[in-house]
Amino acid sequence: MQKSVFGLGLLLAFAACKSTPATVSHPRIAADAGVPIAADVILPLVIPEGGVPVVLIQTRYWRSFRLRGGTSQDRVPMGPREAIVERLVTAGFGVVVTDARGTGASGGTWRWPWSEGEVRDMGHVIDWITTQRWSNGAVGATGVSYEGTTALLSATAGRPALRAILAREIEWSLVDEIIAPGQVRNVGFVGAWSRAVDALDHGHLPELFPTLARLGIHGVHPTDDDPKGEVLREVQRQRPSADVAGRVLAVRHGYDRFGPDGPPSDSLGPAGHAATLATSTAVVAIWGSWWDGATADAVLRAQQQMPVREALIGPWAHEGTTNASPLRGDNSERATVDLDAVVAFFRRHLTQRSAAPTPSVPRVSWYVAGAERWRSSEQWPTTAPHTLHLVGAHLRDHAAAGDVRSLSVDFAATTGRNTRWTTGLARPVDAPDRAHVRGVVSWRTAPLDAPLSVFGDSQFVCDVTLDAPEAALHVYVESVDPAQRVRLLTEGTQRIRQGAVAVRIRPVAFELPAGWSLRLSIAGADAPSFERVPASGAQRIQFAGTGCRLTLPVVA
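These notes cover the structure that comes with them.

Let's talk about the overall build of the protein
And then number 1: Helix and strand counts for the protein stand at 12 helices and 24 strands.
And then number 2: Taking 556 residues into account, the globule formula puts the C-alpha radius of gyration at 24 Å, and the protein, at 24 Å, falls close to it.
And then number 3: Taken along its principal axes, the extent of the C-alpha atoms in the protein is 75 × 50 × 45 Å.
And then number 4: Counting only residues that meet the buried cut, the protein has 59% of its 556 residues in that class.
And then number 5: Taking the intrachain contacts of the protein between residues at least 6 apart in sequence as the baseline, contacts between residues at least 24 apart amount to 78%.
And then number 6: Of the roughly 21100 Å² that the protein leaves accessible, carbon and sulfur atoms contribute 51%.

Quick look at the structure:
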């Protein structure tokens, strides 16, 4: 579902006076049940005999912009993904960008993400591409966020022409990874995203667009058969409200319905199509980030369910243009998405002579915080569980009796405005010093005698006593450097009841040097990102004096 692209990229686009020369048209494609899908066809100026391979991007954030003062038909059109379109066209690929049904300038109705009709449309669009004189019959699909998921779901169409997919920053399981992580609703992101897509669908600029974009963008680009946008304006006027936030008010589990008339929420994303995706013959690459929502989870979960040729987990914020590693510094290796690597992926898999991809050993790459370096291998690192016990205010290797500790929940406690859960709104991920953060109870290790290397997801287990029937536990794994600066490495969130609880902590890769410490902090709220639990009244959480523990996946 997630994550629109309304940020710095638009400002940079307006700062540029020119874009890449190209041949551009804006046709409509008849898709499932004849629904007209608006498309931008962007081609190199010279088309070789036999045509060019084509990369498909399917969006719900306006495929390109209608600019005040007019739009050139001989340049790559300005839009949310202009940068990668320019790179692909310059490299000799054709690019087709479409508005998903019910969005942008397309017909039909959008009631929830990746509906059955929207997914069926993908096959029709691929078929249309392969029949065009400028196509050589080889199709790829790519995208970031919502578009990354449409790229992956295009594999369900079963079209042999679709040879390669590179999906970036996606959700695999929609509810746990964005709507309600750990069954605690992510109200901050969902509310902002809901307002934004509803505005777009009705031809309005959303609140997330920067000021400069508002001055230059008139709306979504109309199709060639509606040059003045008269039909488009009527379509936008008649569209119902998307109201995503209203539909998911009661959604906390994958089986909860996406609104009263909607399907089970997790059926909408890749998890709901896992059986079909497992049979895909396309070469698939999936990229995520340790600090962009739960997109690292999506990479790891996808690998368990379907063939993934290339898996990569980086350090960037959602757009891929800024470094989100909490331990980032001047010594950091390349920490933003390399668009040339995206182009190279499609060059490898779309320009070969054979119709069948050449087999190769699956590869994985991941970024390690602290070391601020990339690692690559044929498989993820081998780990062994290492348990740290909560004793008093300490994390220790051996269990011992300790005092019961308690937390009076401060419902204003927060990890901030710019976090892993808000970066999908085109925000950075801040890394403030949390040494004196409010509303947490903490435990920490003694300074490490040797470096500590962790890869994967951790777990917190404890017996708790509550004043109210339910609570939200927000569990944070943090680093403490010799200067006593504290940085948030990763976190887990879980709705709990009294008794034995287990909180899964999101996967991460980090290395802490000797002399540093590890800190475990717990809050009962994270405003304004997550819903308040309970909805009203006070809450006090007591943690048992024995048996509470944090288990880390330590690299062997």
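Here's the deal with the nonpolar core
And then number 1: Among the nonpolar cores identified, the biggest contains 91 residues, and Phe460, Leu473, Leu518 and Phe543 are the most heavily contacted of them.
And then number 2: Look past the residues within four positions of phenylalanine 543 in its chain and what remains in contact with it is Val404, Arg405, Leu407, Val441, Trp443, Phe460, Cys462, Asp463, Val464, Leu473, Ile522 and Cys548.
And then number 3: Membership of the second largest hydrophobic core comes to 40 residues, among which are Ala38, Leu232, Val251 and Phe258.

Here we look at the side chain of serine 106
And then number 1: Within the secondary structure, serine 106 is located in the loop between β6 (94-99) and α3 (116-130).
And then number 2: Taking relative accessible area as the criterion, serine 106 reaches 1% and is therefore assigned buried.
And then number 3: Reaching out from serine 106, the side chain makes a polar contact with the backbone nitrogen of alanine 38 at a distance of 2.8 Å.
And then number 4: Those residues in contact with serine 106 that lie beyond four places of it in its chain are Pro36, Ile37, Ala38, Asp99, Ala100, Arg101, Val235 and Arg239.

What about helix α2 (residues 82-90)?
An α-helix turns once per 3.6 residues; consequently, residues spaced three or four apart project the same way.
And then number 1: If you check which residues of α2 are buried, you get Glu82, Ile84, Val85, Glu86, Leu88 and Val89.
And then number 2: At the exit of α2 stands glycine 92, carrying a positive phi of roughly 100°.

What to know about the pattern of salt bridges
And then number 1: Following the criterion strictly, the structure yields 34 salt bridges and no others.
And then number 2: In this structure, arginine 120 engages aspartate 32 in a salt bridge whose closest nitrogen and oxygen atoms are separated by 2.9 Å. Within this pair, whereas arginine 120 is found in helix α3, its partner aspartate 32 is found in the loop between β2 (28-30) and β3 (36-43), the two being separated by 88 residues in sequence.
And then number 3: Overall, the relative accessible area of 15% leaves aspartate 32 in the buried class.
And then number 4: The salt bridge involving aspartate 261 is made with arginine 247; its shortest N-O contact spans 2.8 Å. Of the two residues, aspartate 261 sits in the loop between α9 (244-247) and α10 (274-277) while arginine 247 sits in helix α9, which places them 14 residues apart along the sequence.
And then number 5: Looking at aspartate 261, the relative accessible area reads 44%, which means it is partly exposed.

Points about the environment of proline 451
And then number 1: Tracing the backbone through its elements, the reader meets proline 451 in the loop between β17 (441-444) and β18 (452-466).
And then number 2: Under the relative-accessibility criterion, proline 451 is labelled exposed at 66%.
And then number 3: Spatially, the C-alpha atom of proline 451 lies 4.3 Å from that of proline 513, the residues being 62 residues apart in sequence.

Notes on the packing of α3 against helix α4 (residues 146-153)
And then number 1: Between α3 and α4, whose axes approach to 10 Å, the crossing angle comes to 65°. At the point where α3 passes α4, the crossing takes the right-handed sense. Counted together, Glu118, Val119 and Met122 of α3 and Tyr146, Thr150 and Leu153 of α4 form the full contact between these two elements.
And then number 2: Counted by class, the contact of α3 with α4 contains 4 nonpolar, 1 polar and 1 charged residues.

What counts, and where the lines are drawn
Residues numbered from 1 in each chain as written. Predicted model: local features only at pLDDT ≥ 70, side-chain atom pairs only at ≥ 80, totals over all residues. Heavy atoms only, no water. Helix = DSSP H or I, 4+ residues; strand = E, 2+ residues; numbered from the N terminus. Rg over C-alpha atoms; globule rule 2.2 N^0.38 Å. Buried < 20%, exposed > 50% of the residue type's maximum accessible area, 1.4 Å probe, protein only. Contact = heavy atoms within 4.5 Å. Areas by Shrake-Rupley, 256 points an atom, 1.4 Å probe, with all protein chains shown as cover. Core = buried A, V, L, I, M, F, W, Y, C linked by side-chain atoms within 4.5 Å. Polar contact = N/O pair within 3.5 Å; in protein donor to acceptor, adjacent residues only side chain to side chain. Salt bridge = Lys/Arg side-chain N within 4 Å of Asp/Glu carboxyl O. Axes fitted to C-alpha atoms, helices over the stretch in contact; angles between N-to-C directions. Left-handed = near helix turned anticlockwise from the far one by under 90°. Nonpolar A, V, L, I, M, F, W, Y, C, P; charged D, E, K, R; others polar.

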